Amino acid sequence: MNRVWQLLRPRSVAVVGASADPAKTAGRPIAYLRKHGFDGRIYPVNPKAAEIEGLRCYPDVRSLPEAPDVAIVLLGAQRTQQAIRELAGIGAGAAIVLASGYSETGEEGARRQRELRDAAGAMRILGPNTIGLVNLTDRITLSASGALAADQLVGGGIGLVSQSGGILGALLSRATARGIGFSKLISTSNEVDLDLADFIGALADDPATRVIALYVETIRHPAAFRAAARKAIRAGKPIVAFKIGRSDSGAQAAASHTGALAGADAMYDALFEEAGIIRAQAFSDLLDIPAALASGSRLAGRRIAVLTSTGGAGTLVADCLGLAGFELPAPDAPTGAALRALQTGEHAALDRNPIDVTLAGLQPDVLRGAVRAVLESDGYDALVAIAGSSAVAQPELLANALRDALVPGAKPVVAYISPHAPRAAELLSRQGIAAFQSPESVSAALAAMWRVHAPARPPAADSTAPSPAPVSCPEHGSLDEAQAKALFARFGVPGVREIAVRSPAEAVEAARQLGPRVVLKLLSGDILHKSEVGGVAVNLTPDEIGPRLRRMAADVQRHTGRVAEAFLVQEMVAGAAEVILGFHRDPLGTAILLGMGGVVAELIRDTTLLLLPEDGAALTAWQVEAALRRLKTWPLLDGYRGRDRADVPALVDAVLAFARMAQALGERLVEAEINPLFVRPFGQGVRAADAIAIIGAVAA
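Residues numbered from 1 in each chain as written. Predicted model: local features only at pLDDT ≥ 70, side-chain atom pairs only at ≥ 80, totals over all residues. Heavy atoms only, no water.

**Student:** I'd like a rundown of the packing of helix α3 (residues 77–90) against helix α4 (residues 107–120), residues and numbers included.
**Tutor:** One can describe the packing of α3 onto α4 by two numbers: an axis separation of 8 Å at closest approach and a directional angle of 20 degrees. For the element pair α3 / α4, the angle class is roughly parallel. Between α3 and α4 the crossing geometry is right-handed. Across the interface between the two elements, Ala-77, Gln-78, Thr-80, Gln-81, Ile-84, Arg-85 and Ala-88 of α3 pack against Arg-112, Glu-115, Leu-116, Ala-119 and Ala-120 of α4. (Axes fitted to C-alpha atoms, helices over the stretch in contact; angles between N-to-C directions. Helix = DSSP H or I, 4+ residues; strand = E, 2+ residues; numbered from the N terminus. Parallel < 35°, antiparallel > 145°, perpendicular 65-115°, else oblique. Left-handed = near helix turned anticlockwise from the far one by under 90°. Contact = heavy atoms within 4.5 Å.)

Here it is, written out as structure tokens:
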């Protein structure tokens, strides 16, 4: 048994700083261990007590009769250090440190936390500042959470790892009230040692865990997190993550738009997408989505039947499902006939979707028959059953009807409880039927089920693809636009036709070669936001460009105090979509940014990020096209309202080339961006119209 599993499934537990008063925090762990049926050995440690809860109490760690598998340390931060050192000295397997006053308090606390890790040696630590962990599979409660005061805790298939102790207790109490079962709940908190990745990896191997839920504040070790997530996904265990801190805290762009567009939260989106993790958009989803996925039912398609005994609730659910992209077809002929055979009067509307059994639904036989007809239908892939006001007085009505009609491994069945009827929701959950209290949760859960069980996508990256070889790049510093485009072109991203000039006469000659209409730009490696200093003019003729260049030189000098010495004359490109393509490095990894480009890039902020594989493998064309399809403005590339379809294959090739450049240059690439990248009509390729690149010097 490795040390993580020794922590999750100990046979002996020392409680250091235990109190004889179960009302106190220090008195809870022993009380909870005994209350919930832990059958291992418990060793209270307290020099002021002879016994606690009928158990012999030891004066100090060195007096323990054996090295415990786990020690719960309930001392203040100062005394905790010594206790950890003594536990490590006797060979304890792991320690759970509840004390606060560590890195969450500032630099002094961070120093104390480093000392705590040093004191532990080879012993593993959960925390500090943690509420502990709960293993409901084996009835082991190593926690002081007040949520454990409940008389009965519900075991189940959801494993929770939370970086907040309070959220662990909140979710446990909510789940208990709703009849939703957990396998394990772990609060990692400050993560001086064990972190999210360690427990994701352990839960991936846990036969009792079917779904993993994460409450994430930050990811401290991205590479380990990605590896653990992939392990869980390969094991068939979906991961649902709720990440707090979604607001953009003001990412600053040094030279390009990309830094502002690729905020910290967008990088988490990219990380979760690359790792195959479902991101919960609302806190309630962190319980609702895993509850639906834990059933193990496979959603084979997007056709949903809504069976309701209340018209208003049926419309609410149907509306949410439609917004999520699900279909609600009317019953096909065989299903319609089966439903009509159940009709006992004029009150039911069984030939449409939602299928309304408003009054007939109060008859259990009619309700069972309607459920069976839908589940046996070839026209539906899942059933949403809605409980109306009858769920308050008859909470078992819908639960029993669904129980009697369910076939293990058949189509997914979920329930929406329209009134406040907690007992009905609990009964459904205990029968393995996810029950929701909002129509939005119904659509979010089914969307997650579709994502998990949809036809397999190609691998995230071609693991056999060679890593891009380092390239010689003599340039360094902030490149001017022409130099940046030349660099991009070496990797396969073509630029527009253009000529560098230094005088009005040269500009006139260039315009005649590239015209009839051209663009004039300042050419400078120091002034990268050219339009802000009057350094861009468009739609010029050869006759207009000479005077315009003189005026541009004057405008630039007035704005910057610098003399403009060089300019670019570019061909005008019309009838093309404008895309932004950028590079962004972050503690979470290196990403390629894609989105709607041009001068409105930051205004529209329609972007997505593609995280580059950390092992140097190449992105795939499938990944790039899937990212493009995530954009709200994807229709503009796909022939929206009769416009020409853009050359998406050429765009995909350009993105792959840009990514190869980023990987080949490695740490030398500081910033890179193309905005706009013109995407011409199908078959005509792409052209980089503006470019930024900042290259670091070669290491000595």
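Okay, back to it.
**Student:** Explain empty space enclosed by the protein to me, using residue names and the numbers behind them.
**Tutor:** With the rule as written, the count across this model stands at three cavities of 30 Å³ or more. If you add up the space inside the largest cavity, you get close to 150 Å³. What lines the largest cavity is a set of 21 residues, among which Leu-367, Ile-386, Ala-387, Ser-390 and Leu-398 lie closest to the centre. Every element with two or more residues in the lining of the largest cavity is listed here: β15 (304–308), β17 (382–387), α14 (390–393), α15 (396–405) and α16 (422–430). Residue classes in the lining of the largest cavity are distributed as 15 nonpolar, six polar and no charged. Taken as a whole, the second largest cavity spans an internal volume of roughly 50 Å³. Lining the second largest cavity are Ala-577, Glu-578, Val-579, Gly-595, Met-596, Leu-631, Thr-633, Trp-634, Leu-636 and Leu-637. Going through the elements one at a time, β26 (577–586), β27 (589–596) and α23 (634–637) are the ones with two or more residues in the lining of the second largest cavity. The residue makeup of the lining of the second largest cavity, split by class, is seven nonpolar, two polar and one charged. (1 Å grid on protein atoms, 1.4 Å probe; cavity = no way out; pocket = protein on both sides within 12 Å on 5 of 7 lines; lining within 4 Å. Points joined across faces, edges and corners; volume = space filled by probe spheres on them. Nonpolar A, V, L, I, M, F, W, Y, C, P; charged D, E, K, R; others polar.)

**Student:** Just give me the short version of the sheet that holds strand β25 (residues 567–571), but keep the residues and values in it.
**Tutor:** Across the sheet, which stays open at both edges, the four strands sit in the order β22-β25-β23-β24 with antiparallel pairing between neighbours. Bordering the open sheet on either side are β22 (498–501) and β24 (536–540), each of which pairs with just one other strand. Strand-to-strand twist in this sheet, taken as the mean axis angle between neighbours without regard to direction, amounts to 20 degrees. Across four bridges, the pairing between β22 and β25 is antiparallel. Each residue of the ladder has a partner; that of Glu-498, found in β25, is Gln-570. Lying on the sheet, helix α18 (residues 481–490) is in contact with β22, β23 (518–522) and β25; it crosses β25 at an angle near 50 degrees. Contacts from helix α20 (residues 542–560) reach β22, β23, β24 and β25 within the one sheet, and its direction differs from that of β24 by about 170 degrees. (Pairing = 2+ DSSP bridges.)

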